Amino acid sequence: MIEVRAALVRGPVFLAGEALECLVTLRNPLPPDATSASSEMLAWASAQIHCQFHASESRVALPPPDTSRQDVQAESETVFVPNRGERGQCILSTPPKILFCDLRLDPGESKTYSYCETLPVDGPPSFRGQAVKYVYKLTIGCQRVNSPIQLLRVPFRVLVLHGLQDYQFPQDEAVAPSNPFLEDEEGAKKDSRLADLATELLMAATSRRSLHLYNISNSRGKVAAFGIFKTVYKIGEEVVGTFNFSAGDIPCLQYSVSLQTEERVQEAFQRRRGQPVSYSTHARHQESCLHTSRTSFSLPIPLGSAPGFSTHIVSLKWRLHFEFVTAREAAAELQGASSSSSSSSSSGGHAEAVSWTGVEQMEVDTFSWDLPIKVLPTNPLLASYVSQFSRCSTLTI
């Protein structure tokens, strides 16, 4: 028996274009005082990254697969096929890398191998929607002699920042003076520069603040003025907006605002023409606002959600969805209908008191409004703290 453990060095979330590093440890769990006959042998081990695509048959119409190009060796248990047994199609994969050949482990002995691969920049981000799913996995295959291949899968998350792959690093860094007595890990340096560049691009895109004002009206007149300071956000930020109902002529009884994603299948792949778009709500705020002059809301963008993206099959966009309930009567008429006067006497004279009661019935109008916003990725280290994926996976052979 051999225990195989795969651990992602930095965490389970990466930017497309970054280097993924995984430490693969193999251990013979028998005690060291066991006999030499208890040594374990492995013929080889290999690792490969792949992206698995799965589509809902009721929403997406995919072309039939090309059976003429099917690999006849895929059914063999002695051929390393990382996506064997997975649902859907493998739309992206890196070249397989051999970790070792002919490994022998004595009782209590363990060996660790490092696997490093740059994530492709032309793939989709990780996404689990109602119509499609894009799932990334690192698959490690191990085989004993004359035995089937055992697969260990390590799922992880990929964020895509558009424009990052087009950036050219300054050439003067290549000729900068270096210390010959220190090991120059060029891959680590490039990976660090890529993460720093992504942070700078995200800060530049999301830190610009400029007040956007919108007059919200229905067929009867102006309801309120809405203000928002920016429309571009990172995952993990909060969307903050303000209402000024004193600027309106029509009394608003209640409003709600929802943070939603819009998942739209491209027309060429729709199962039926004109099929509806899928909406998912990630946060919601509702408030009764009669006699309210000013109010605000704050909706957090979940760190586990996907940023906006578009592929040839599906697109994902973000929006704020507003719903308003307004009264058909003017504000002065509402106050007159909901108040009544009564007299009370005291030793000093007569005082008039006003009591307010809610109306039993009221004629209302409802309407909605959508405001598109843009949501970008965030720092992968920050997203790793709330990731549903574990850094480590184990397998016993």
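Here the structure is a predicted model, which means the values were calculated and not measured. (Residues numbered from 1 in each chain as written. Predicted model: local features only at pLDDT ≥ 70, side-chain atom pairs only at ≥ 80, totals over all residues. Heavy atoms only, no water.)

Right, let's talk about the pattern of salt bridges for a bit. All chains considered together, the criterion is met by 14 salt bridges. Among the ionic pairs, Glu117 bridges to Lys97, the shortest N-O distance being 3.7 Å. Of this pair, Glu117 sits in strand β7 (residues 110-118) while Lys97 sits in strand β6 (residues 97-105), placing them 20 residues apart in sequence. Classification of Lys97 by relative accessible area gives partly exposed; the value is 33%. (Salt bridge = Lys/Arg side-chain N within 4 Å of Asp/Glu carboxyl O. Helix = DSSP H or I, 4+ residues; strand = E, 2+ residues; numbered from the N terminus. Buried < 20%, exposed > 50% of the residue type's maximum accessible area, 1.4 Å probe, protein only.)

This paragraph deals with the environment of Gln286. Summarising the element assignment, Gln286 is placed in strand β16 (residues 278-288). Linking Gln286 and Gln254, residues 32 residues apart in sequence, is a C-alpha distance of 7.5 Å. Apart from residues no more than four positions distant in its own chain, Gln286 is found in contact with Gln254, Tyr255 and Ser256. A distance of 3.0 Å separates the side chain of Gln286 from the side chain of Arg284, its partner in a polar contact. (Contact = heavy atoms within 4.5 Å. Polar contact = N/O pair within 3.5 Å; in protein donor to acceptor, adjacent residues only side chain to side chain.)

This paragraph deals with the confidence of the model for the protein. Mean pLDDT over the protein: 84, with 83% of residues reaching 70 or higher. Scored below 50 in pLDDT, residues 169-178 makes four contacts in the model with residues more than four places away or belonging to other chains. Low pLDDT, under 50, characterises residues 340-347; the predicted model gives this stretch 12 contacts beyond four residues in sequence or across chains. (pLDDT = per-residue confidence, 0-100.)

Attention shifts here to the side chain of Lys230. Examined against the element boundaries, Lys230 turns out to sit in the loop between β12 (221-228) and β13 (232-234). Classification of Lys230 by relative accessible area gives buried; the value is 7%. A polar atom in the side chain of Lys230 sits 2.7 Å from the backbone oxygen of Thr206. Once residues within four sequence positions are removed from consideration, Lys230 is found in contact with Thr206, Arg208, Ser210, His212 and Glu237.

Right, let's get into the sheet that holds strand β3 (residues 19-27). In sheet architecture, strand pairing relies on hydrogen bonds along the backbone and comes in two forms, parallel and antiparallel. The four strands are arranged β7-β3-β1-β23 in an open sheet whose pairing can be described as antiparallel. Because the sheet does not close on itself, it has two edges, and the strands there are β7 and β23 (392-396). Neighbour-to-neighbour, the strand axes of this sheet turn through a mean angle of 15°, independent of strand direction. Of the pairings in the sheet, the one linking strand β1 (residues 3-8) to β23 comprises five bridges and is antiparallel in character. Directly across from Ala6, in β23, lies its bridge partner Ser393. (Pairing = 2+ DSSP bridges. Axes fitted to C-alpha atoms, helices over the stretch in contact; angles between N-to-C directions.)

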